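# A structural walkthrough
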Amino acid sequence: MSEWMKKTGPESDIVISSRIRIARNLEETPFPYLLDEARGEEVVQRVYQAVIEGNSALKDDFKLLSMKDLDKIERLKYIEKHLISPDLAKNTTQGNMLVNRQESISIMLNEEDHIRIQCILPGFQLDETWNLADKIDDLIEEKVKYAFDEQLGYLTSCPTNLGTGIRASVMMHLPVLNMTGYINNIFHASNQIGITIRGIYGEGTEFLGNIFQISNQVTLGITEEEIIKNLKAVVTQILQKERMMRGTLLEEKSIELEDRIFRSYGILKSARIINATEAMKLISDVKLGVCLGLLKDTTLTLENMNYLMAMIQLGHMQSHFKMELKDHERDVKRADFIRSIL
Amino acid sequence: MLCDACKKNPAVVHMTKNVNGNKMERHLCEVCAKAREENALEHHFSIPNFLAGLMESNMHSPLNMKYLNSIHCHRCGTTLNQVKQSGRLGCDECYEVFREKISPLIKRIHGNINHVGKVPKRTGGVIRLRRQVRQLKGKLQEAIVSEAFEEAAKLRDEIKALEKEVNKDQEG
């Protein structure tokens, strides 16, 4: 399990993780979708050599994994850990990843761009995450010439990533802002300043488990530090609003809220069949109860709630039970698993 | 009744389509119907398609098509037509070849077309120096306007020194 899933960090009661992604390409080499298998492999080897020959203490931690050598369940698990994208997982001819032991750094090779460096840490630690990603970028650049243009910056396959090539995103658990509908005001305001808010599984998905991903949109004409500073400012405001509204709810001693939290806990502890959507919704309620101090038990910790949210996903479930699970079976096993934790 | 697609499972989803007065029926099992649905969703919206739509073009005339196909990148062979249709480029050289054509699109996405962020350490020496010169020149202007001549003289010397370094780097 990745570090960001099992550990907590600053502001962990609301911020689940901080992530930075940097897109880079090699000079004078067509972008991955135009490369044949042999040239794709060349890209992989060049980057791999750059990382293991580099002067960094980080290098010993990395292992190289090829999508074609991973089975379906393993690939799904890496997607759920946010270490690879569904697109990379599908690319079983050229797709590769370099990943470190703590699973805080992954380098996707031959995704949309030749190189996509990703760093992910628990809680609200955007600066630390950026520093880590920046270091990996420098490490690779020691040995590899990047596609770079003085005017347009780092060149990427899709013009939406030009310039800095970075996307910073923060995953937040915002049950109260969502419950009260206040989140809509935030959507509107952030859109106007180049910040996007989405569900965990990307555009158009429901906000499963009240989890939101907040990220920058613009990558060109602004420095990395500014991008991070802006995002931090937005996240801090959302964080304060959520915390304030949680406080108000608690003061009001809303019996409805308490009822909802205890009911959800009851269902999770007793259900025999449960699908992922329902489970996420209920765990979100229980997590809120834990943060508000309404639910108290040795098994009811923030770490356990995050652990549950990660484990009930299909890839992790199948890997835990060491078998492929069909529709009905997986819902039964999921209920079993949740009861074993709570 | 068996599924039209896999011919194995019993059909549970029945669809009737009316195409120009011809009634077409389709019977699918649960699995095939779901796969079809997922397929439709996947193609529903993609960023490259969306971007392609943002590029102004009159692609319908055959003359224009010929023109769009004739402009291409000599490194990877990508044509302007392919860029317009897919919304993405083929390699770093494409940005050189299509620069003027895609500048409006880039501006629409990012609001500007000038990179101010990180520069490669090893190869970007000159680029960094030139950027520094640009920044100092801006400061020089400000100093002159505000009549801070002592400051201006200092800036002028700094700029001269940097420009010398840029020239040396380029020759070397």
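As annotated in an unreviewed UniProt entry, chain B is Protein arginine kinase activator from Alkaliphilus hydrothermalis.

Naming follows an unreviewed UniProt entry, where chain A appears as Protein-arginine kinase of Alkaliphilus hydrothermalis. Note on chain A: under the UniProt heading Sequence similarities (unreviewed entry), the record states "Belongs to the ATP:guanido phosphotransferase family." Listed under Catalytic activity (unreviewed entry) in UniProt, the entry text for chain A is "L-arginyl-[protein] + ATP = N(omega)-phospho-L-arginyl-[protein] + ADP + H(+)".

## Some thoughts on unusual backbone geometry
In this structure, Lys-322 of chain A takes a positive phi of about 55° despite not being glycine. Positionally, Lys-322 of chain A belongs in the loop between helix H12 (314–320) and helix H13 (327–341). A count of 7 C-beta atoms within 10 Å places Lys-322 of chain A in the exposed class. Here Lys-7 of chain B, not a glycine, exhibits a phi torsion of approximately 55°, which is positive. As for its position among the elements, Lys-7 of chain B is in the segment before strand S1 (13–19).

## Re the domain arrangement of chain A
Residue and element names in this part refer to chain A. For chain A, the domain assignment lists domain 1 (6–244) and domain 2 (254–341). The straight-line distance from the C-alpha centre of domain 1 to that of domain 2 is 28 Å. Counting from both sides, the interface comprises 15 residues of domain 1 and, opposite them, 19 residues of domain 2. Split into classes, the residues belonging to the side of domain 1 that touches domain 2 amount to 6 nonpolar, 5 polar and 4 charged.

## Remarks on helix H5 (residues 126–141) of chain A
Residue and element names in this part refer to chain A. Between its first and last C-alpha atoms H5 spans 22 Å; for 16 residues at 1.5 Å apiece the expected length is 22 Å, and the two agree. Taken together, the buried positions of H5 are Leu-126, Thr-129, Trp-130, Leu-132, Ala-133, Ile-136, Asp-137, Ile-140 and Glu-141. Next to the buried residues of H5 lie strand S1 (15–24), helix H2 (37–53), strand S4 (105–109), strand S5 (115–122), strand S8 (166–173) and helix H8 (224–252).

## Side note on the packing of helix H10 (residues 276–292) of chain A against helix H11 (residues 302–311) of chain A
Residue and element names in this part refer to chain A. Two elements in contact, H10 and H11, have axes whose closest approach is 10 Å; the angle formed by their N-to-C orientations is 170°. The pairing of H10 with H11 is recorded here as roughly antiparallel in orientation. Within the contact between the two elements, H10 uses Met-280, Ile-283, Val-286, Lys-287 and Val-290 and H11 uses Leu-302, Met-305, Leu-308 and Met-309. Taken together, the residues of the contact of H10 with H11 sort by class into 8 nonpolar, no polar and 1 charged.

## Some thoughts on the nonpolar core
All names here are of chain A. Counting residues in each nonpolar core, the largest one holds 85 residues, and the members touching the most others are Val-47, Met-97, Met-172, Ile-214 and Leu-231. In terms of residue count, H5 provides more of this core than any other element does, 6 residues in total. The contact partners of Ile-214, leaving out residues within four places of it in the chain, are Ser-169, Val-170, Met-172, Ile-195, Ile-197, Leu-231, Val-234, Val-235 and Ile-238. Leu-268, Ala-279, Val-290 and Leu-308 belong to the second-largest nonpolar core, a separate cluster that totals 22 residues.

Analysis parameters
Residues numbered from 1 in each chain as written. Chains lettered and ligands numbered in written order. Predicted model: local features only at pLDDT ≥ 70, side-chain atom pairs only at ≥ 80, totals over all residues. UniProt positions renumbered as here; feature names shortened; annotations may be inferred. Helix = DSSP H or I, 4+ residues; strand = E, 2+ residues; numbered from the N terminus. Buried ≥ 20, exposed ≤ 12 C-beta atoms within 10 Å, placed from the backbone. Domains from an automatic or database assignment. Contact = placed C-beta atoms within 7 Å. Nonpolar A, V, L, I, M, F, W, Y, C, P; charged D, E, K, R; others polar. Expected span 1.5 Å × (residues − 1). Axes fitted to C-alpha atoms, helices over the stretch in contact; angles between N-to-C directions. Parallel < 35°, antiparallel > 145°, perpendicular 65-115°, else oblique. Core = buried A, V, L, I, M, F, W, Y, C linked by C-beta atoms within 7 Å.

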